[in-house]
Amino acid sequence: MELYRTQILLEKSQHETLTQIAQEESRSLSDIVREMLDRQLQYRQRRQMMLAAHELQGDYNTDSALTEFTALDGDEFLFGDEDHATG
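As the structure is a prediction and not an experimental result, all values here were calculated from the model.

1. A few points about helix 1 (residues 12-24)
Part 1 of the argument: If you check helix 1, its first and last C-alpha atoms are 18 Å apart, about what 13 residues at 1.5 Å a residue would give, namely 18 Å.
Part 2 of the argument: Phi turns positive one or two residues past the end of helix 1, at Ser-26, with a value near 55°.

2. Thoughts on the pattern of salt bridges
Part 1 of the argument: Within this structure, the stated rule accounts for six salt bridges.
Part 2 of the argument: Notably, a salt bridge pairs Lys-12 with Glu-16, separated by 3.9 Å at the nearest N-O pair. Separated by four residues within a single helix, Lys-12 and Glu-16 lie in helix 1, roughly one turn from each other.
Part 3 of the argument: The exposure class of Lys-12 is exposed, given its relative accessible area of 65%.

3. What to know about the packing of helix 1 against helix 2 (residues 29-62)
Part 1 of the argument: Packing of helix 1 against helix 2 leaves a shortest axis separation of 8 Å and a crossing angle of 105°. In terms of their interaxial angle, helix 1 and helix 2 are classed as roughly perpendicular. Each of His-15, Leu-18, Thr-19, Ile-21 and Ala-22 in helix 1 lies in contact with helix 2, whose residues at this interface are Leu-29, Ile-32, Val-33 and Met-36.
Part 2 of the argument: Looking at the contact of helix 1 with helix 2, its residues break down into seven nonpolar, two polar and no charged.

4. Some points on the layout of surface pockets
Part 1 of the argument: Its volume calculated, the largest pocket comes out at about 590 Å³.
Part 2 of the argument: Looking at the largest pocket, it is lined by 16 residues, and the ones nearest its centre are Thr-6, Ile-8, Ser-30, Val-33 and Arg-34.
Part 3 of the argument: Going through the elements one at a time, helix 1 and helix 2 are the ones with two or more residues in the lining of the largest pocket.
Part 4 of the argument: The leading source of residues in the lining of the largest pocket is helix 2, at six residues.

5. Regarding the environment of Gln-14
Part 1 of the argument: With respect to the helices and strands, Gln-14 occurs in helix 1.
Part 2 of the argument: For Gln-14, the side chain forms a polar contact with the main-chain nitrogen of Glu-11, separated by 2.8 Å.

Scoring rules and cut-offs
Residues numbered from 1 in each chain as written. Predicted model: local features only at pLDDT ≥ 70, side-chain atom pairs only at ≥ 80, totals over all residues. Heavy atoms only, no water. Helix = DSSP H or I, 4+ residues; strand = E, 2+ residues; numbered from the N terminus. Expected span 1.5 Å × (residues − 1). Salt bridge = Lys/Arg side-chain N within 4 Å of Asp/Glu carboxyl O. Buried < 20%, exposed > 50% of the residue type's maximum accessible area, 1.4 Å probe, protein only. Axes fitted to C-alpha atoms, helices over the stretch in contact; angles between N-to-C directions. Parallel < 35°, antiparallel > 145°, perpendicular 65-115°, else oblique. Contact = heavy atoms within 4.5 Å. Nonpolar A, V, L, I, M, F, W, Y, C, P; charged D, E, K, R; others polar. 1 Å grid on protein atoms, 1.4 Å probe; cavity = no way out; pocket = protein on both sides within 12 Å on 5 of 7 lines; lining within 4 Å. Points joined across faces, edges and corners; volume = space filled by probe spheres on them. Polar contact = N/O pair within 3.5 Å; in protein donor to acceptor, adjacent residues only side chain to side chain.

Shown next as structure tokens:
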């Protein structure tokens, strides 16, 4: 992981809380902030994907061309018939 030096401004209460967490967990303040940022970025990405899926739901429900192959989405299609697998 490549790290970049940057400066951010925090409110006093934010800094105090983050510092306390870092001390309790024997970690650096930077590590705590990176972890929280990662979580927030992942949340935002999932939310954007959910919103996009929601926007497409109407098309998916009304356009049969989008669901023609739905029956092939089962585990048997993806992983084969495990009862008859050789291994």
